[in-house]
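Structural overview
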Amino acid sequence: MKIINRNNLPEAIFKFLQNDLYDGVKGGESYSVTELLKPIREIVLTRRHWNEIEVDAEDRVWSLFGQGVHAVLEKEEGAEPVERLYGEIDGHKISGKFDRIKDGVIYDYKVTSAWTVVYDSRRDEWTDQLSGYRWLYWKKYNKELGNIGHIIAILRDWSKKEVKPDGKYPVGPIVDIPINLVSLPKTEFMLRNKLRRIETATKTGVLPECTNDERWYNAKKNAFNKCLVRNLATGDTLGGNDRGPGFCIFIPKIIFHGFKATWCLFLEQEDSSLHRP
(Lines give C-alpha, C1' and ligand atoms only; values in the text may rest on other atoms or scores of the structure.)
Protein backbone atom coordinates (compact mmCIF):
# COMPACT_ATOMS: atom_id res chain seq x y z
CA MET A 1 0.00 0.00 0.00
CA LYS A 2 1.24 3.45 -0.94
CA ILE A 3 0.67 6.37 1.44
CA ILE A 4 0.43 9.60 -0.54
CA ASN A 5 0.41 13.25 0.51
CA ARG A 6 -2.38 14.57 -1.67
CA ASN A 7 -2.89 17.84 0.23
CA ASN A 8 0.78 18.62 0.89
CA LEU A 9 0.79 18.11 4.63
CA PRO A 10 3.91 19.27 6.51
CA GLU A 11 6.69 16.73 6.12
CA ALA A 12 6.83 15.83 9.83
CA ILE A 13 3.08 15.14 9.93
CA PHE A 14 3.23 13.13 6.70
CA LYS A 15 6.05 10.95 8.05
CA PHE A 16 4.09 10.31 11.23
CA LEU A 17 1.01 9.25 9.26
CA GLN A 18 3.11 6.78 7.27
CA ASN A 19 3.84 4.79 10.44
CA ASP A 20 2.30 1.36 10.81
CA LEU A 21 2.30 -0.12 14.31
CA TYR A 22 0.78 -3.43 13.20
CA ASP A 23 2.96 -6.27 14.50
CA GLY A 24 1.30 -9.28 12.87
CA VAL A 25 2.01 -11.20 9.67
CA LYS A 26 0.34 -9.80 6.56
CA GLY A 27 -0.83 -11.79 3.55
CA GLY A 28 -0.38 -15.43 2.62
CA GLU A 29 -2.38 -17.87 4.71
CA SER A 30 -2.42 -15.53 7.71
CA TYR A 31 -5.45 -13.45 8.65
CA SER A 32 -6.10 -11.15 11.57
CA VAL A 33 -9.41 -11.22 13.41
CA THR A 34 -10.12 -7.65 12.30
CA GLU A 35 -9.42 -8.52 8.66
CA LEU A 36 -11.91 -11.38 8.86
CA LEU A 37 -14.59 -8.90 9.94
CA LYS A 38 -14.47 -7.32 6.48
CA PRO A 39 -16.55 -8.42 3.47
CA ILE A 40 -15.03 -11.26 1.45
CA ARG A 41 -14.92 -9.12 -1.66
CA GLU A 42 -12.88 -6.46 0.12
CA ILE A 43 -10.48 -9.00 1.63
CA VAL A 44 -9.73 -10.71 -1.69
CA LEU A 45 -9.34 -7.52 -3.73
CA THR A 46 -7.25 -5.77 -1.09
CA ARG A 47 -4.81 -8.67 -1.01
CA ARG A 48 -4.76 -8.94 -4.78
CA HIS A 49 -3.91 -5.27 -5.29
CA TRP A 50 -2.08 -4.42 -2.08
CA ASN A 51 0.95 -2.91 -3.81
CA GLU A 52 -1.24 -0.81 -6.11
CA ILE A 53 -3.53 0.73 -3.51
CA GLU A 54 -3.04 4.40 -2.72
CA VAL A 55 -4.28 5.94 0.53
CA ASP A 56 -4.19 9.61 1.39
CA ALA A 57 -2.23 10.24 4.58
CA GLU A 58 -5.07 12.40 5.93
CA ASP A 59 -7.36 9.37 5.98
CA ARG A 60 -5.04 7.68 8.49
CA VAL A 61 -5.22 10.35 11.19
CA TRP A 62 -7.75 8.67 13.49
CA SER A 63 -6.37 5.19 12.86
CA LEU A 64 -2.89 6.27 13.98
CA PHE A 65 -4.40 8.19 16.90
CA GLY A 66 -6.19 5.02 17.99
CA GLN A 67 -3.00 2.97 17.78
CA GLY A 68 -1.27 5.55 19.95
CA VAL A 69 -4.03 5.32 22.55
CA HIS A 70 -3.63 1.54 22.62
CA ALA A 71 0.14 1.82 23.05
CA VAL A 72 -0.28 4.02 26.13
CA LEU A 73 -3.14 2.18 27.82
CA GLU A 74 -1.62 -1.29 27.45
CA LYS A 75 0.94 -0.42 30.13
CA GLU A 76 -1.65 -0.69 32.92
CA GLU A 77 -0.40 -2.47 36.02
CA GLY A 78 -2.32 -5.54 37.19
CA ALA A 79 -3.65 -6.47 33.76
CA GLU A 80 -2.32 -9.39 31.72
CA PRO A 81 0.57 -8.46 29.40
CA VAL A 82 -0.74 -7.42 26.00
CA GLU A 83 0.29 -9.85 23.29
CA ARG A 84 -0.63 -10.99 19.82
CA LEU A 85 -2.32 -14.39 20.00
CA TYR A 86 -2.23 -17.02 17.26
CA GLY A 87 -4.49 -19.90 16.31
CA GLU A 88 -5.02 -22.13 13.29
CA ILE A 89 -8.01 -23.46 11.40
CA ASP A 90 -7.68 -25.76 8.37
CA GLY A 91 -4.13 -24.61 7.69
CA HIS A 92 -4.96 -20.91 7.97
CA LYS A 93 -3.28 -18.91 10.72
CA ILE A 94 -5.41 -16.41 12.63
CA SER A 95 -4.03 -13.72 14.90
CA GLY A 96 -5.42 -11.02 17.14
CA LYS A 97 -4.04 -8.57 19.67
CA PHE A 98 -6.31 -7.77 22.59
CA ASP A 99 -6.11 -4.44 24.39
CA ARG A 100 -6.79 -5.50 27.95
CA ILE A 101 -7.54 -8.63 29.94
CA LYS A 102 -8.00 -8.30 33.67
CA ASP A 103 -9.69 -10.63 36.16
CA GLY A 104 -10.83 -12.90 33.32
CA VAL A 105 -12.57 -10.10 31.39
CA ILE A 106 -11.54 -8.90 27.93
CA TYR A 107 -11.63 -5.25 26.87
CA ASP A 108 -10.99 -3.37 23.64
CA TYR A 109 -10.37 0.37 23.28
CA LYS A 110 -12.04 2.17 20.38
CA VAL A 111 -11.54 5.75 19.21
CA THR A 112 -14.83 6.36 17.48
CA SER A 113 -17.72 8.77 16.93
CA ALA A 114 -20.27 9.58 19.61
CA TRP A 115 -22.95 8.81 17.04
CA THR A 116 -21.66 5.25 16.70
CA VAL A 117 -22.61 4.84 20.36
CA VAL A 118 -25.92 6.64 19.98
CA TYR A 119 -27.06 4.35 17.15
CA ASP A 120 -25.23 1.27 18.46
CA SER A 121 -24.22 0.71 14.85
CA ARG A 122 -21.09 -1.37 15.36
CA ARG A 123 -22.19 -3.76 18.09
CA ASP A 124 -22.20 -6.82 15.81
CA GLU A 125 -18.70 -6.03 14.56
CA TRP A 126 -17.37 -5.47 18.08
CA THR A 127 -19.06 -8.65 19.29
CA ASP A 128 -17.35 -10.73 16.61
CA GLN A 129 -13.99 -9.07 17.23
CA LEU A 130 -13.97 -9.61 20.99
CA SER A 131 -15.31 -13.15 20.53
CA GLY A 132 -12.44 -13.85 18.12
CA TYR A 133 -9.86 -12.62 20.63
CA ARG A 134 -11.51 -14.71 23.35
CA TRP A 135 -11.30 -17.79 21.12
CA LEU A 136 -7.59 -17.16 20.44
CA TYR A 137 -6.92 -16.81 24.17
CA TRP A 138 -8.69 -20.11 24.80
CA LYS A 139 -6.69 -21.84 22.05
CA LYS A 140 -3.38 -20.72 23.55
CA TYR A 141 -4.05 -21.01 27.26
CA ASN A 142 -6.95 -23.48 27.41
CA LYS A 143 -8.71 -21.02 29.71
CA GLU A 144 -12.10 -19.44 29.13
CA LEU A 145 -12.58 -15.73 29.64
CA GLY A 146 -15.90 -14.31 30.81
CA ASN A 147 -18.97 -14.29 28.55
CA ILE A 148 -19.21 -10.49 28.78
CA GLY A 149 -16.57 -8.32 27.14
CA HIS A 150 -16.26 -4.54 27.17
CA ILE A 151 -15.68 -1.89 24.54
CA ILE A 152 -14.17 1.26 26.02
CA ALA A 153 -15.22 3.88 23.49
CA ILE A 154 -13.21 7.13 23.37
CA LEU A 155 -15.43 9.59 21.51
CA ARG A 156 -13.38 11.87 19.29
CA ASP A 157 -16.30 14.16 18.41
CA TRP A 158 -18.14 14.23 21.75
CA SER A 159 -19.85 17.56 22.48
CA LYS A 160 -21.33 18.56 25.82
CA LYS A 161 -24.04 20.62 24.13
CA GLU A 162 -25.48 17.45 22.55
CA VAL A 163 -26.19 15.88 25.97
CA LYS A 164 -29.93 15.89 26.73
CA PRO A 165 -31.79 14.66 29.83
CA ASP A 166 -32.93 11.07 29.29
CA GLY A 167 -31.37 11.11 25.83
CA LYS A 168 -29.17 8.49 24.12
CA TYR A 169 -26.23 10.81 23.63
CA PRO A 170 -23.30 9.87 25.92
CA VAL A 171 -22.93 12.04 29.02
CA GLY A 172 -19.13 11.96 28.73
CA PRO A 173 -16.39 11.40 26.11
CA ILE A 174 -15.54 7.89 27.38
CA VAL A 175 -18.15 5.11 27.47
CA ASP A 176 -17.97 1.52 28.77
CA ILE A 177 -20.11 -0.71 26.54
CA PRO A 178 -20.78 -4.29 27.76
CA ILE A 179 -20.80 -6.87 24.96
CA ASN A 180 -22.39 -10.32 25.12
CA LEU A 181 -19.81 -12.60 23.52
CA VAL A 182 -20.46 -15.50 21.15
CA SER A 183 -19.77 -19.00 22.50
CA LEU A 184 -16.39 -20.56 21.71
CA PRO A 185 -17.83 -23.33 19.46
CA LYS A 186 -19.93 -20.86 17.49
CA THR A 187 -16.99 -18.47 17.15
CA GLU A 188 -14.83 -21.25 15.72
CA PHE A 189 -17.61 -22.21 13.32
CA MET A 190 -17.91 -18.61 12.10
CA LEU A 191 -14.15 -18.26 11.61
CA ARG A 192 -13.92 -21.57 9.71
CA ASN A 193 -16.86 -20.66 7.51
CA LYS A 194 -15.38 -17.25 6.65
CA LEU A 195 -11.98 -18.75 5.82
CA ARG A 196 -13.54 -21.37 3.54
CA ARG A 197 -15.54 -18.73 1.69
CA ILE A 198 -12.43 -16.58 1.23
CA GLU A 199 -10.52 -19.59 -0.08
CA THR A 200 -13.29 -20.39 -2.55
CA ALA A 201 -13.54 -16.80 -3.77
CA THR A 202 -9.77 -16.56 -4.18
CA LYS A 203 -9.53 -19.78 -6.20
CA THR A 204 -12.59 -19.29 -8.40
CA GLY A 205 -12.44 -15.52 -8.82
CA VAL A 206 -16.16 -15.33 -8.07
CA LEU A 207 -16.48 -12.57 -5.49
CA PRO A 208 -19.72 -12.26 -3.51
CA GLU A 209 -21.41 -8.87 -3.42
CA CYS A 210 -21.23 -6.91 -0.19
CA THR A 211 -24.47 -6.72 1.74
CA ASN A 212 -26.21 -3.48 2.68
CA ASP A 213 -25.17 -4.06 6.28
CA GLU A 214 -21.52 -4.34 5.24
CA ARG A 215 -21.81 -1.04 3.39
CA TRP A 216 -23.72 0.65 6.25
CA TYR A 217 -26.77 1.29 4.09
CA ASN A 218 -29.09 4.04 5.37
CA ALA A 219 -32.55 3.19 4.03
CA LYS A 220 -34.04 6.51 5.12
CA LYS A 221 -31.47 8.52 3.14
CA ASN A 222 -30.95 5.84 0.47
CA ALA A 223 -27.21 6.22 0.97
CA PHE A 224 -24.15 4.11 1.75
CA ASN A 225 -22.22 5.52 4.69
CA LYS A 226 -19.43 3.02 4.10
CA CYS A 227 -19.11 2.29 0.40
CA LEU A 228 -17.01 -0.87 0.23
CA VAL A 229 -18.10 -2.44 -3.02
CA ARG A 230 -20.58 -1.42 -5.66
CA ASN A 231 -21.35 -2.79 -9.13
CA LEU A 232 -22.38 0.52 -10.61
CA ALA A 233 -20.77 3.93 -10.46
CA THR A 234 -21.42 7.00 -12.59
CA GLY A 235 -19.87 10.28 -13.69
CA ASP A 236 -19.64 12.66 -10.74
CA THR A 237 -18.99 9.85 -8.27
CA LEU A 238 -15.79 8.88 -10.06
CA GLY A 239 -14.64 12.35 -10.94
CA GLY A 240 -15.88 12.17 -14.51
CA ASN A 241 -15.08 8.53 -15.25
CA ASP A 242 -18.29 6.67 -16.06
CA ARG A 243 -18.31 2.99 -15.12
CA GLY A 244 -20.90 0.44 -15.98
CA PRO A 245 -22.06 -2.78 -14.29
CA GLY A 246 -19.37 -5.26 -13.32
CA PHE A 247 -17.19 -2.82 -11.42
CA CYS A 248 -16.18 -3.03 -7.79
CA ILE A 249 -15.02 0.25 -6.33
CA PHE A 250 -12.82 1.22 -3.41
CA ILE A 251 -12.24 4.97 -3.74
CA PRO A 252 -11.15 7.50 -1.11
CA LYS A 253 -13.71 10.06 0.05
CA ILE A 254 -16.54 9.40 -2.36
CA ILE A 255 -19.58 11.41 -1.39
CA PHE A 256 -22.99 9.73 -1.34
CA HIS A 257 -25.77 12.11 -0.28
CA GLY A 258 -23.44 13.94 2.11
CA PHE A 259 -21.77 10.86 3.56
CA LYS A 260 -18.05 10.23 3.18
CA ALA A 261 -16.90 6.72 2.33
CA THR A 262 -13.36 7.01 3.61
CA TRP A 263 -12.65 3.28 3.55
CA CYS A 264 -12.86 2.91 -0.23
CA LEU A 265 -9.52 2.37 -1.91
CA PHE A 266 -9.68 1.23 -5.52
CA LEU A 267 -11.93 0.03 -8.26
CA GLU A 268 -11.58 -3.07 -10.35
CA GLN A 269 -13.19 -4.50 -13.44
CA GLU A 270 -13.84 -8.24 -13.84
CA ASP A 271 -10.85 -8.63 -16.18
CA SER A 272 -8.63 -7.57 -13.20
CA SER A 273 -7.50 -4.34 -14.89
CA LEU A 274 -7.16 -1.55 -12.36
CA HIS A 275 -8.64 1.90 -12.84
CA ARG A 276 -8.39 4.95 -10.66
CA PRO A 277 -10.52 8.10 -10.68
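Keep in mind it's a predicted model, so treat the numbers as computed, not measured.

Glancing now at the overall build of the protein chain. Broken down by element type, the protein chain carries seven helices and 16 strands. Within the protein chain, the proportion of its 277 residues that are buried is 42%.

With respect to topology, three strands assemble into an open sheet ordered S2-S5-S4, the strand pairing being mixed. In the strand order of this sheet, the two ends are held by strand S2 (30–32) and strand S4 (84–89), each with one partner. If you compare each strand with its neighbour and ignore which way they point, the axes differ by 25 degrees on average. Bridge count between S2 and strand S5 (residues 92–97): three bridges; the pairing is parallel. By the bridge assignment, Tyr31 is partnered in S5 with Ile94. Where helix H6 (residues 123–141) meets the sheet, it contacts S4 and S5, and its direction lies at approximately 85 degrees from that of S4.

Moving on, we come to the nonpolar core. Core analysis: the biggest nonpolar cluster contains 37 residues, and Ile94, Ile106 and Ile177 have the highest contact counts within it. Those elements that place two or more of their residues in this core are helix H2 (33–36), helix H3 (40–48), S4, helix H5 (114–119), H6, strand S8 (148–155), strand S9 (174–180) and helix H7 (184–204). For this core, the element with the most residues is H6, which contributes six residues. Beyond its immediate sequence surroundings of up to four residues, Ile106 is in contact with Phe98, Arg100, Ile101, Leu130, Tyr133, Arg134, Leu145, Gly149, His150 and Leu181. Membership of the second largest hydrophobic core comes to seven residues, among which are Leu9, Ile53, Val55 and Ala57.

Reading guide: rules and limits
Residues numbered from 1 in each chain as written. Predicted model: local features only at pLDDT ≥ 70, side-chain atom pairs only at ≥ 80, totals over all residues. Heavy atoms only, no water. Helix = DSSP H or I, 4+ residues; strand = E, 2+ residues; numbered from the N terminus. Buried < 20%, exposed > 50% of the residue type's maximum accessible area, 1.4 Å probe, protein only. Pairing = 2+ DSSP bridges. Axes fitted to C-alpha atoms, helices over the stretch in contact; angles between N-to-C directions. Contact = heavy atoms within 4.5 Å. Core = buried A, V, L, I, M, F, W, Y, C linked by side-chain atoms within 4.5 Å.

By themselves, these figures tell us nothing about what the structure is for.
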